[in-house]
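# Summary of the model geometry
Take a look at the letters that make up each chain.
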Amino acid sequence: MKLYFDLEKLIDERRFNFIRDGLEDVEPADIAGMVEELPPEKAVVFFRILPKDMEAEVFANLDHDMQKSLIERFSDKEICEVIEELFLDDAVDFIEEMPAAIAKRVLAHATDETREQINKLLQYPDDSAGTIMTVEFVHLKRTLTVAEAFTKIRKIGPDKETIYTCYITDAERKIEGVVSVKNLLLAEPTEILGDIMETHMILVHTDDDREKVVKLFEKYDFLSMPVVDSEDRIVGIITIDDIIDVVQDEATEDMQKMAGMLASDKPYFKTSILGLTKNRIVWLVVLMVVAMIIGGILENFEGAIAALPILTVFIPLLMDTGGSSGSQSATMIIRGMALGEITPRDFFRIIWKEMRTGLLVGSILAIINFGRMWLTYMNHPEHGPNVIPIAMTVSITLLITVFIANVVGGLLPIAAKKLKIDPAVMAAPLITTIVDGFALIIYFSLAVWILGDLMATAA
């Protein structure tokens, strides 16, 4: 839109009313994108132009660097207005990402009630349900009629994150049931909530791991879920938008670990060169050391390589195929574990299945490779007379390597889970390195056994 491209110019010309009018039909997330494109000194001016009822939602959609930049330029009054308008889970997320000095300043300008609620949520363990819940939800008494329930929802609804699902609680805030706005709309105004509420509920505790919460949302297609404390009193709810953020964070973390990197929650362009180096260097050093060990394996077979240099041509084939096969297996197992389809109790079933899969895949690849080598070298003046034993050596190695790769790819994630290590760590780089070592040992051992006489003649 034209407003977006001319925004800096419009701010310089102080055409604030024109800007405000142009934002009427723009989504807060899109407005946040506009703010992030501006220099900090103009971003704060633009933010002050926003309608008051839009400020908090736009602020919640900004990246943490821009939030920090705005807070540094806000007056005390503006900080108070923003923190009080934010939904509590957004406020907690913001506070967690800010430097201590900024977080202290923000909390100092919050009301006593808001500060107490934020501090309480900040005390929950990392990655727990308590850290992603909000305390702004609708709870009703079972004795209310549908008409009375709507009256209360209209009164308190504007300050709640969601009003679609309402929770029925007793005097001690223990959940007795749940009722959706859909059910309220379809019920008669005089009906009692206790007669139409659902009493069977799925809930989580504040200390439950958030990955467990994600799985429950996936299984039951929830829009929100109640969170209870150790005494089974409802203390908050988790909404689907928070779960989407968790899924994205977990997927990003797993991808980074599977690529042999330390997990980072910062976007690529927001991460410094030093930060990128730190995230990558640890595993690269480990893999380099392992690669040195593999190089030592090659040294032990230096005589075989010198006698039959053609053997080196097939090393990339064996290593790449084995590594890829192991990564495929590991990816399937890690994904199954993430979805709850696979547990450590399935260890022997997994190994048995991967053994058969590896044998079948390896056999197919070995046959194809044998045929390819036969057609390629059967008329070769030097290698033609020996094409069958050389092709057998490579093809048998390929079969065994793929077999081992599948077993290792299935074994390592389960072993990691048993050792309470993230299974994603046991992914592509590590598996590839392990399989490469096995492949070389098997290859040259078979070469010495099958092609021993040929090597002696060549030597």
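Quick note: structure is the one above.
Described in the following lines is the structure provided in the data block. (Residues numbered from 1 in each chain as written. Predicted model: local features only at pLDDT ≥ 70, side-chain atom pairs only at ≥ 80, totals over all residues. Heavy atoms only, no water.)

## Regarding the overall build of the protein
When you go through the protein residue by residue, the secondary structure sums to 24 helices and 6 strands. For the protein, the C-alpha radius of gyration of 31 Å lies well beyond 23 Å, the compact-globule estimate for 459 residues. A separation of at least 24 residues holds for 67% of the contacts in the protein among residues at least 6 apart in sequence. Total accessible area on the protein is roughly 25000 Å²; 58% of this is exposed by carbon and sulfur atoms. (Helix = DSSP H or I, 4+ residues; strand = E, 2+ residues; numbered from the N terminus. Rg over C-alpha atoms; globule rule 2.2 N^0.38 Å. Contact = heavy atoms within 4.5 Å. Areas by Shrake-Rupley, 256 points an atom, 1.4 Å probe, with all protein chains shown as cover.)

## Considering the nonpolar core
For soluble globular proteins, the rule of thumb is that nonpolar side chains tend to be buried together. Counting 59 residues, the largest nonpolar core has Ile31, Phe46, Phe59, Leu70, Phe74 and Ile238 as the members making the most contacts within it. When residues no more than four places from it in sequence are discounted, the contact partners of Ile31 are Leu23, Val26, Phe46, Leu50, Met54 and Val58. Listed in part, the 24 residues of the second largest apolar core include Phe301, Phe314, Met319 and Leu440. (Core = buried A, V, L, I, M, F, W, Y, C linked by side-chain atoms within 4.5 Å. Buried < 20%, exposed > 50% of the residue type's maximum accessible area, 1.4 Å probe, protein only.)

## A closer look at a negative patch on the surface
Together, Asp93, Glu96, Glu97, Asp126, Asp241, Asp245 and Asp249 make up a region of like negative charge exposed at the surface. At the level of secondary structure, the elements contributing two or more residues to the negative patch comprise α9 (88-97) and α17 (240-258). Counting through the fold element by element, Asp93 comes out in helix α9. (Patch = residues over 30% accessible without salt bridge, like charges linked within 9 Å, V, L, I, M, F, W, Y side chains within 5 Å. Salt bridge = Lys/Arg side-chain N within 4 Å of Asp/Glu carboxyl O. Lys, Arg positive; Asp, Glu negative; His and termini not counted. Charge placed at Lys NZ, Arg CZ, Asp CG, Glu CD.)

## Some remarks on the sheet that holds strand β6 (residues 234-239)
The 3 strands are arranged β4-β5-β6 in an open sheet whose pairing can be described as mixed. In this open sheet, the two strands that pair with only one neighbour each are β4 (204-205) and β6. Here 2 bridges tie β4 to strand β5 (residues 224-228), and the two strands are oriented parallel to one another. Considered in β5, the bridge of Val204 is made with Val227. Against the sheet, helix α16 (residues 210-220) contacts β4, β5 and β6, and its axis sits at roughly 140 degrees relative to β5. (Pairing = 2+ DSSP bridges. Axes fitted to C-alpha atoms, helices over the stretch in contact; angles between N-to-C directions.)

## Quick notes on the pattern of salt bridges
Applying the stated criterion across every chain yields a total of 15 salt bridges. Among the ionic pairs, Arg105 bridges to Asp76, the shortest N-O distance being 3.1 Å. Here Asp76 lies in helix α8 (residues 76-85) and Arg105 lies in helix α10 (residues 100-108), a separation of 29 residues in the sequence. Where Glu231 meets Arg233, a salt bridge forms, and the shortest distance between an N and an O atom there is 3.3 Å. Under the relative-accessibility criterion, Arg233 is labelled partly exposed at 33%. Via salt bridges that share partners, Glu8, Asp12 and Lys42 belong to a single interconnected network.

## Looking at a nonpolar patch on the surface
Taken together, the side chains of Ile281, Val282, Leu284, Val285, Val286, Met288, Val289, Met292 and Ile293 present a nonpolar region at the surface, about 790 Å² in accessible area. Assignment of secondary structure puts Val286 in helix α18 (residues 273-300). Its relative accessible area of 38% is what places Val286 among the partly exposed residues.

## Some points on the sheet that holds strand β3 (residues 175-180)
Across the sheet, 3 strands lie side by side as β1-β2-β3; this open sheet has mixed pairing. Of all strands in the sheet, those with a lone pairing partner are β1 (139-140) and β3, marking the two edges. In terms of strand pairing, β1 meets strand β2 (residues 165-169) through 2 bridges, oriented parallel. When the sheet's bridge partners are listed, Leu140 is paired in β2 with Ile168.

## Thoughts on the packing of aromatic side chains
Evaluation of the coordinates by the stated rule reveals 9 aromatic pairs. Between the aromatic rings of Tyr220 and Phe222, the centroid separation amounts to 5.4 Å while the plane-to-plane angle is 25 degrees, which identifies the pairing as stacked. For Tyr220, a relative accessible area of 36% corresponds to the partly exposed category. The partly exposed category is assigned to Phe222, whose relative accessible area is 22%. A centroid spacing of 6.2 Å and a plane angle of 75 degrees characterise the contact between Phe314 and Tyr377, whose relative ring orientation is edge-to-face. Here Phe314, found in the loop between α19 (302-307) and α20 (315-338), pairs with Tyr377, found in helix α21 (residues 347-377); they are 63 residues apart in sequence, far enough to count as distant. (Phe/Tyr/Trp six-rings, centres within 6.5 Å; stacked < 30°, edge-to-face > 60°.)

## Section: the packing of α20 against helix α22 (residues 387-418)
The N-to-C vectors of α20 and α22 enclose an angle of 30 degrees; their axes lie 8 Å apart at closest approach. With respect to each other, α20 and α22 are oriented roughly parallel. The crossing of α20 and α22 is right-handed. When α20 is examined against α22, the residues Leu317, Leu318, Thr321, Gly322, Ser325, Gly326, Ser329, Ala330, Ile333, Ile334 and Met337 are found in contact with a partner set consisting of Val394, Thr397, Leu398, Thr401, Val402, Ala405, Asn406, Gly409, Gly410, Pro413, Ile414 and Lys417. The residue makeup of the contact of α20 with α22, split by class, is 12 nonpolar, 10 polar and 1 charged. (Parallel < 35°, antiparallel > 145°, perpendicular 65-115°, else oblique. Left-handed = near helix turned anticlockwise from the far one by under 90°. Nonpolar A, V, L, I, M, F, W, Y, C, P; charged D, E, K, R; others polar.)

## Describing the environment of Asp76
Judged by its relative accessible area of 39%, Asp76 is partly exposed. Taking the C-alpha atoms as reference points, Asp76 and Lys278, 202 residues apart in sequence, are found 37 Å from one another. Discounting residues that sit within four places of it in the chain, Asp76 has contacts with Arg105 and His109.

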